[in-house]
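Read off the chains here:
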Amino acid sequence: MIRSTRLGALLVIALAVPGAAAAQSDEVRIIGNVGLGRPAPPIDARARGMGGAATTMHGVNLSMINPASTISILVPGVWIAFSGESREVDGTVAQGEINTAEFPLVRMVIPFENRHAVGVGFGSYLNQDWRVQFFDTLQLVTGPVAFRETRESEGGVGQFRLDFATRLSREWTLGIGGIYYFGKSGQSVEREFETSAGFSPYEAQDAIKYSGLGMSVGAEWRPIPEMIFGATGNWGLGLNVKSDSTGAEKEFDQPLALDLGASWQLTPDFVLAFAAGWTNWSTISDDLPRPGSADHWRFNLGTELRVLGNENTRVLARVGGRLAQLPFKLRRGPPWERALTLGVGTMFRAGLGRFDIAFEVGKRGQKDTNEIEENFTRWTFTLAVFTR
């Protein structure tokens, strides 16, 4: 059985449950047998409603994926995105319902001289919020002893970014970003035995800290006003993971991430966007407990249609879908995530205010293949305010 207000990923269940009765080394305890977390891109509700196709798009791109897209902000602005998710877990090792919430994006952008823009923001990177509870039995010489164990983690890894974008010409825009990865997760284990067994309850707590540096480089090419192509690459100098309680420390290689995207404005009121990406998380597979990690593949497709509008107010409808292979493996390989998305957005005060909402329904993993699956729904809200 699993009960939770937060859960980082399917990997939590797959790796936490089998190792319940086993002793762990300090190195394993650093990562808590759960990999490094579920990838959580720092995107806003508009991109979420369009299937997550945030690499490049016509109009204002509020997501923090491609530093070159910072140039799409024409006046100074600040915005915040909030996301909530509900899951139903079905598997051979766990079942239950899960709810989680996070702020995937807080950002401010200031353009200047009509061809440059600077952006600063905080965004999500790896989510490690989870709680898993299960029942098992210790086989002792005196006989079997049933117990209940609860493992919990709160926190994860975020990123602070400083982006700079410049418009080289009507066709080309370049961007570069400096990234500081940081975060903390508190992990705890509680084990309670049958009353008749005579054993005292067991409790342990640990705090894990994360830090590292990285950078992002991106470009956008607009051969004609109706079409934009974009590309971005991220890499880092390593991610330091340290246990407060034991002092154990380990450095993980930061994976290389590449993303491509395109946006096509078919009519003044209709936009089609596509994105695809790859991150070589398999490079750290040997540093993780089995079954390790695999490359993270992702594909996103979405559309946006203006349904109402005038000079001061617009209402836009969005629909999209996405498909991704998650990086941290389950017992029979990495799970796939697939989702359909819907969104509605409004611009008011002649574009100086925006409110967007997206609804997503999807599935992670497959019970027949991975022994566990999650059916999930997610809401994402974004509120943005701009000034002349």
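The rules behind each value
Residues numbered from 1 in each chain as written. Predicted model: local features only at pLDDT ≥ 70, side-chain atom pairs only at ≥ 80, totals over all residues. Heavy atoms only, no water. Helix = DSSP H or I, 4+ residues; strand = E, 2+ residues; numbered from the N terminus. Areas by Shrake-Rupley, 256 points an atom, 1.4 Å probe, with all protein chains shown as cover. Salt bridge = Lys/Arg side-chain N within 4 Å of Asp/Glu carboxyl O. Buried < 20%, exposed > 50% of the residue type's maximum accessible area, 1.4 Å probe, protein only. Contact = heavy atoms within 4.5 Å. Pairing = 2+ DSSP bridges. Phe/Tyr/Trp six-rings, centres within 6.5 Å; stacked < 30°, edge-to-face > 60°. Lys NZ or Arg CZ within 6 Å of the ring centre and 35° of its normal. Core = buried A, V, L, I, M, F, W, Y, C linked by side-chain atoms within 4.5 Å.

Draft legend 1. Examining the overall build of the protein more closely. Looking only at helices and strands, one finds 4 helices and 17 strands in the protein. Working note: accessible area of the protein is about 17100 Å², and carbon and sulfur atoms make up 59% of it.

Draft legend 2. Structural detail: the pattern of salt bridges. Per the stated rule, a full pass over the model turns up 21 salt bridges. Between Asp356 and Arg318 there is a salt bridge, and its shortest N-O distance comes to 2.9 Å. One end of the pair, Asp356, is in strand β16 (residues 353-366); the other, Arg318, is in strand β14 (residues 314-325), with 38 residues separating them in the sequence. Across the pair, Arg318 and Asp356 agree in class, each one buried. Note that Arg322 and Glu360 form a salt bridge whose closest N and O atoms lie 2.4 Å from each other.

Draft legend 3. Fine view of the environment of Gly320. With respect to the secondary-structure elements, Gly320 resides in strand β14. Considering only alpha carbons, one finds Gly320 and Gly49, 271 residues apart in sequence, at a separation of 6.3 Å. Residues contacting Gly320, with those up to four places away along its chain left out, are Gly49, Met50, Gly51, Leu301, Gly302, Ala339, Leu340 and Thr341.

Draft legend 4. Looking closely at the environment of Gly261. Of note, Gly261 is situated in strand β11 (residues 257-267). Accessibility expressed as a relative area gives 8% for Gly261, which makes it buried. Linking Gly261 and Ala273, residues 12 residues apart in sequence, is a C-alpha distance of 7.4 Å. Beyond its immediate chain neighbours, meaning those up to four positions away, Gly261 contacts Thr55, Thr56, Ile228, Phe229, Gly230, Phe274 and Ala275.

Draft legend 5. Quick look at unusual backbone geometry. Even without glycine at this site, Glu113 takes up a positive phi of about 60°. Tracing the sequence through the fold places Glu113 in the loop between β3 (95-112) and β4 (116-127). With relative accessibility at 60%, the residue Glu113 sits in the exposed group. Although it is not a glycine, Asn114 sits at a positive phi angle of roughly 65°. Topologically, Asn114 is positioned in the loop between β3 and β4. Overall, the relative accessible area of 82% leaves Asn114 in the exposed class.

Draft legend 6. Representation of the pairing of strand β9 (residues 227-243) in the model. Strand direction decides the pairing type here: strand β8 (residues 202-224) and β9, joined by 14 bridges, are antiparallel. From the neighbouring strand, Gly212 faces β9, where its bridge partner is Leu239. In this structure, the hairpin formed by β8 and β9 is closed by a connection of 2 residues. Judged from the 8 bridges that link them, β9 and β11 form a sheet pairing that is antiparallel. Among the inter-strand pairings, Thr232 is bridged to a residue of β11, identified as Asp259. One ladder, built from 4 bridges, connects β9 with strand β10 (residues 249-252); its direction is antiparallel. Bridge pairing links Lys242 to Glu249 in β10. Counting the residues between successive antiparallel strands, the hairpin from β9 to β10 contains 5 residues, one of them, Gly247, with a positive phi of roughly 80°.

Draft legend 7. The arrangement of the pairing of strand β17 (residues 372-386) in detail. Sheet topology places strand β2 (residues 77-91) next to β17; 15 bridges connect them, and they run antiparallel. Opposite Asp90, over in β17, you have Glu373 as the bridge partner. Two strands pair when backbone bridges link them, and β16 and β17 are joined in this way by 14 bridges, in the antiparallel orientation. When the bridges of β17 are listed, Phe359 appears paired with Trp379.

Draft legend 8. Region of the structure containing the packing of aromatic side chains. Enumeration over the complete set of coordinates arrives at 12 aromatic pairs. In this structure an aromatic cluster arises from ring pairing among Phe122, Tyr180 and Phe182. Cation over ring: Arg191 sits above Phe147, and NZ or CZ is 4.6 Å from the ring centre. Here the guanidinium or amino end of Arg364 rests over the ring plane of Phe376, the centre of that ring lying 4.0 Å away.

Draft legend 9. Main features of the nonpolar core. Among the nonpolar cores identified, the biggest contains 15 residues, and Leu36, Trp281 and Ile284 are the most heavily contacted of them. Among the elements of the structure, β4, β7 (172-193), β8 and β9 are those that each provide at least two residues to this core. When residues no more than four places from it in sequence are discounted, the contact partners of Trp281 are Leu36, Tyr125, Leu126, Pro255, Ser293, Ala294, Asp295, His296, Pro327 and Phe328. Core analysis: the second largest hydrophobic core is formed by 13 residues, Leu62, Met64, Ile73 and Val109 among them.

Draft legend 10. How the structure looks around the environment of Gly175. As for its position among the elements, Gly175 is in strand β7. Considered as a pair, Gly175 and Pro67 are 108 residues apart in the sequence and their alpha carbons are 4.7 Å apart. Residue contacts for Gly175: discarding those within four places in its chain leaves Pro67, Ala68, Phe164, Ala165, Ser216, Val217 and Gly218.

No statement about biological role is implied by the geometric values presented.
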